[in-house]
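# Commentary on secondary and tertiary structure
Below are the chains, spelled out letter by letter.
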Amino acid sequence: MPPKFKFTKAEITNAALEVTRKIGISGLTARSLALELGCSVKPIFGQFQNMEAVNQAVLEAAGNLYQQYLQTGMTSSKYPPYKASGMAYIRFAKEEKELFKLLFMRDRSGEKIDEEKEKIRPLLDLIQESLGISEENAYLFHLEMWIFVHGIATMAATGYLDWNDEFISKTLTDVYTGLKGRFSERGAEDGCN
């Protein structure tokens, strides 16, 4: 009969997520994870084939946590849904610095952008509906807005700035309003409105 492992896959993943939160993904090793669990490395490799599999589980768990931030923000009614998505992104960067870096500040050159576009489909639909612009213009609008939001989030995650939510909200409104005017004019010129 195979030996029973002291920890489940979920428990090991949660511990790996904690290690990543504390010291970043580069600090997640079999040794640091075993230390977090208070065991040898044997239970880890009884549940995972290698550390690459553990890293993948952490990436997935961090993504799920980010989705919870997004969902909570967009359903809270504190901000309009599209603005709430940007505020949630920045809040995640402020509160989960290392997980934000893992998800949004890693080398993603091998990933396909078309797959990412489908992940933001609900946001594109919000933009199209509220501004009356084409899908292509909604995508460009979102990219320009996201560049701004990502900049704030990156500076928050790296400790470069610590703006309060009120100021961040105001800056997002300013940029949104400017883009809205420009894309509404563009849409009128293109016959997309």
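This report concerns the structure included in the present document. (Residues numbered from 1 in each chain as written. Predicted model: local features only at pLDDT ≥ 70, side-chain atom pairs only at ≥ 80, totals over all residues. Heavy atoms only, no water.)

Tallying secondary structure elements over the protein chain gives 10 helices and zero strands in all. The order of α-helices and β-strands along the protein chain, N terminus first, is α-α-α-α-α-α-α-α-α-α. If one aligns the C-alpha atoms of the protein chain with their principal axes, the spans along those axes are about 70 × 35 × 30 Å. Looking at the protein chain alone, contacts between residues at least 24 apart form 64% of all its contacts between residues at least 6 apart. (Helix = DSSP H or I, 4+ residues; strand = E, 2+ residues; numbered from the N terminus. Contact = heavy atoms within 4.5 Å.)

Let's shift gears to the packing of aromatic side chains. Summed over all chains, the structure comprises 13 aromatic pairs. Taking 5.1 Å as the distance between ring centres and 75° as the angle between the ring planes, the aromatic pair formed by Y66 and F104 counts as edge-to-face. Taken together, the residues span a long stretch of sequence, with Y66 in helix 4 (residues 51-75) and F104 in helix 6 (residues 97-104) at a distance of 38 residues. A centroid spacing of 6.3 Å and a plane angle of 55° characterise the contact between Y82 and F141, whose relative ring orientation is tilted. Taken together, the residues Y82 in helix 5 (residues 81-95) and F141 in helix 9 (residues 135-157) connect sequence positions 59 residues apart. Comparing Y82 with F141 shows no difference in burial state: the two are buried. What links up through ring pairs into an aromatic cluster is the set Y66, Y69, Y89, F92, F100, F104 and W146. The lysine or arginine in question, K9, covers the ring of F48, its NZ or CZ lying 5.1 Å from the ring centre. (Phe/Tyr/Trp six-rings, centres within 6.5 Å; stacked < 30°, edge-to-face > 60°. Buried < 20%, exposed > 50% of the residue type's maximum accessible area, 1.4 Å probe, protein only. Lys NZ or Arg CZ within 6 Å of the ring centre and 35° of its normal.)

For the rest of this paragraph, the subject is the nonpolar core. If you look at the biggest cluster of nonpolar residues, it comprises 56 residues, and the most contacted ones within it are L28, L33, V54, F92, F100, F141 and L172. Top contributing element to this core by residue count: helix 4, with 11 residues. Dropping the residues within four chain positions of it, F100 is found in contact with Y89, F92, A93, M105, H150, A153, T154 and A157. (Core = buried A, V, L, I, M, F, W, Y, C linked by side-chain atoms within 4.5 Å.)

Here we come to helix 1 (residues 9-23). Look at helix 1: 21 Å from first C-alpha to last across 15 residues, which is about the 21 Å you get at 1.5 Å a residue. Residues I12, T13, A15, A16, L17, V19 and T20 constitute the buried set of helix 1. Residues of helix 1 that are buried make contact with helix 2 (30-37), helix 3 (42-47), helix 4 and helix 6. Taken from the residues just after helix 1, G24 is the one with a positive phi, measuring 90°. (Expected span 1.5 Å × (residues − 1).)

Next up on the list: the pattern of salt bridges. Here the structure, examined in full by the defined rule, presents 10 salt bridges. As a salt-bridge pair, E18 and R21 come within 2.5 Å of each other at their nearest N and O atoms. Here R21 and E18 lie together in helix 1, a separation of three residues that amounts to about one turn. Look at E18 and you get partly exposed, because its relative accessible area is 29%. Overall, R21 belongs to the partly exposed group, its relative accessible area being 28%. Linking E96 and R21 is a salt bridge whose minimum nitrogen-to-oxygen distance equals 2.8 Å. Of this pair, E96 sits in the loop between helix 5 and helix 6 while R21 sits in helix 1, placing them 75 residues apart in sequence. Taken together, the shared-partner salt bridges connect E18, R21 and E96 into one network. (Salt bridge = Lys/Arg side-chain N within 4 Å of Asp/Glu carboxyl O.)

Close contact between helix 4 and helix 5 brings their axes to 8 Å; oriented N to C, the two are set at 135°. Looking at the two axes, helix 4 sits oblique to helix 5. As helix 4 runs across helix 5, the sense of the crossing is right-handed. Taking contact as the criterion, the partners of A62, L65, Y66, Y69, L70, G73 and M74 in helix 4 are, on helix 5, P81, A84, S85, A88, Y89, R91, F92 and E95. Looking at the contact of helix 4 with helix 5 residue by residue, the classes come out as 11 nonpolar, two polar and two charged. (Axes fitted to C-alpha atoms, helices over the stretch in contact; angles between N-to-C directions. Parallel < 35°, antiparallel > 145°, perpendicular 65-115°, else oblique. Left-handed = near helix turned anticlockwise from the far one by under 90°. Nonpolar A, V, L, I, M, F, W, Y, C, P; charged D, E, K, R; others polar.)

We now examine the environment of L17. Position of L17 relative to the elements: it lies in helix 1. Separated by 37 residues in sequence, L17 and V54 place their C-alpha atoms 9.5 Å apart.

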